[in-house]
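Examination of the molecular architecture
Here is what each chain is made of, one letter per residue.
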Amino acid sequence: MKIHFREQYGSTGEEVLYVTPDNQDAVVRVNVKGEKPKLRKRLSLRRFFQNLFLPAGYPDSVSGDYLAYQKWDTVQAFCSTISGTLTTHAILKGVGVGSDVANPLSATITWVLKDGMGHFGRIIFAWWKGVLYGLFLFVTLLHIYANIKAVKSVCLRTFNEARYLIALEEYFKSGTMLSPEQVNKLERVTIGQTVTLTARVKIGCSARELAQYYRVCYDLENLMACFDSRDKFIIAETRNYVGVYLHFTAKPLDIIKAYFYVASYLQDKNQLRDRYWEIQNKWNEFLNLAQCEGWNVQAHLLKTDEYRLDWRI
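First, a word on what this report is: a plain description of the structure on this page. (Residues numbered from 1 in each chain as written. Predicted model: local features only at pLDDT ≥ 70, side-chain atom pairs only at ≥ 80, totals over all residues. Heavy atoms only, no water.)

**Considering the overall build of the protein chain**
Basically, it comes down to this: Helix and strand assignments follow DSSP, with helices taken as H or I runs no shorter than four residues and strands as E runs no shorter than two, numbered in order from the N terminus. Buried means the residue's accessible area, taken with a 1.4 Å probe over protein chains only, is under 20% of the maximum for its type, while exposed means over 50%, and partly exposed covers the values in between. Surface accessibility in these figures is a Shrake-Rupley result with a 1.4 Å probe; residues are shielded only by whichever protein chains are displayed.
Within the protein chain, the regular secondary structure consists of 10 helices and seven strands. Across the 313 residues in the protein chain, those meeting the buried criterion constitute 33%. Total accessible area computed for the protein chain in this model is approximately 20,000 Å², and 59% of it derives from carbon and sulfur atoms.

**Let's talk about the environment of Cys-226**
By the secondary structure assignment, Cys-226 is in the loop between helix H7 (217–224) and strand S5 (233–237). Expressed as a C-alpha distance, the spacing of Cys-226 and Arg-275, which sit 49 residues apart in the sequence, is 9.8 Å.

**Quick notes on the sheet that holds strand S2 (residues 15–20)**
Our working rule: A pair of strands is treated as paired once DSSP finds two or more bridges between them. A fitted line through C-alpha atoms represents every axis, and for helices the fit uses only the stretch in contact; the resulting angles, taken between N-to-C directions, go from 0 to 180 degrees. Here, residues are in contact when the closest pair of their heavy atoms is within 4.5 Å.
Judged by pairing direction, the sheet is antiparallel, and its four strands sit side by side in the order S3-S2-S1-S7 without closing on themselves. Taken across any chain shown, the strands that pair with only one partner, and hence form the sheet edges, are strand S3 (28–31) and strand S7 (307–310). Across the sheet, the axes of successive neighbouring strands diverge by a mean angle of 30°, strand direction being ignored. In this structure, strand S1 (residues 2–9) lies alongside S2, joined through six bridges in antiparallel fashion. Among the inter-strand pairings, Glu-7 is bridged to a residue of S2, identified as Val-16. Strands S1 and S2 of the sheet are contacted by H7, whose axis makes an angle of about 70° with S1.

**Here we look at the nonpolar core**
Here is the rule: What is meant by a nonpolar core is a set of buried Ala, Val, Leu, Ile, Met, Phe, Trp, Tyr and Cys residues, joined one to another through side-chain atoms within 4.5 Å.
Formed by 56 residues in total, the largest nonpolar core has its most connected members in Phe-5, Phe-159, Tyr-164, Phe-260 and Phe-286. No other element matches helix H8 (residues 252–267), which puts 10 residues into this core. Excluding residues that lie within four positions of it along the chain, Phe-286 makes contacts with Phe-159, Tyr-164, Ala-167, Leu-168, Tyr-171, Met-177 and Phe-260.

**Some points on the packing of helix H4 (residues 161–174) against H8**
The description of two packed helices rests on the angle between their axes and on the distance between the axes. Put simply, the test is: Reported orientations rely on four angle classes, namely roughly parallel under 35 degrees, roughly antiparallel over 145, roughly perpendicular from 65 to 115, and oblique for the rest. A crossing counts as left-handed when the near helix is turned anticlockwise from the far one by less than a right angle, and as right-handed when that turn is clockwise. Amino acids are sorted into nonpolar (Ala, Val, Leu, Ile, Met, Phe, Trp, Tyr, Cys and Pro), charged (Asp, Glu, Lys and Arg) and polar (every other residue, Gly among them).
Between H4 and H8, the shortest axis-to-axis distance is 11 Å and the interhelical angle comes to 55°. Between H4 and H8, the crossing angle belongs to the class labelled oblique. Considering only the axes of H4 and H8, their crossing is right-handed. Here H4 contributes Glu-161, Tyr-164, Leu-165, Leu-168, Tyr-171 and Phe-172 to the contact with H8, which in turn contributes Ile-256, Tyr-259, Phe-260, Ala-263, Ser-264 and Gln-267. Grouping the constituent residues of the contact of H4 with H8 by class yields nine nonpolar, two polar and one charged.

The following block contains the structure:
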C-alpha cells in the first residue's frame, strides 16, 4: 500500500490517509482511527459551530486565554442586556404601563406627556421640513465619508488578498514593488476589489477533492513531481477552483509564497511544470523587494482553511 497524504483539520480534527492499495491504481480515503458515521457527523456539526462562533484556526490561531475571556465577556454582555430590559420594565411600570391599579393621575400625566410631545414633535418637523431631509442626507453621507477616510488613514503592512493582488499586479507589470502606503491608497474599502484573479482560489484545502480529481496514482505522482520537495505547499486546479494544499509545517511566509505561485500559474498555466525555477527566482526577488519596502511577511490576512497535509511519508 502506498500512502500519498496524511491529513488533519486543525490540531483537533480527525486524521485520514489517502492511499493506493496494493494491486490497485485508484486513490482512496481511509480514516486512521476508523470513526463511525455518527461520530463523523458529530465532528462535522462541531466543526460547523466552531467555524460559526470561533476565529479561523481556533485554537491554534489564538492565545490560550481566548476562550476564558470570551466566556466571561459573553456572560457580562448577557447580564447587561437583562439589566437594561429590567430597568426599562421598571420605568414603564412606574408610570402605570400595564397596571390595572395604576394611579389615574400618573396615567393621565403619562398620556398628556405622550400626546404633548407628539404635537411638539410635529410642530418642530413642520418648521424644519424644508431642510430636514437635506440635513439628514448630509449627515448620513458625512458619516459614511468619515468612516471611509478613517479606514483609509490606517496604513496596514500585512497582505490581505486585495493588497497582495495590487502589489503583485505592479510587480508582474513593471518589476517594481509598491510600498504599503501606495498599496493602501489603491485598496478599495467599499464593495469590490481593485484587482482580481481569473479563477477562484482556496488555500488550506482538503485532499479529498484532489484525490477525486486525480483518481489514478500515476496522475497524482506526476502532480507532486512538479514541486520542489522542500516547498510546503502543492497547487492543483480541480473542477471548481485552484487549490493550495498546505503542509503541516507551513508558516505564514509559505502561504504568502504559495499565493505568489498561484498568481504566476494563472498568468501562464505551463509555468509550474515547465518554468518552476523561474517562478522561484521571481519569488525571491519579490520577497526581497517587499521586505525592503517595509512589508511584514511573517504574518498575513489571506483567507485560509485549516486542512493540513503531510506528503513526505
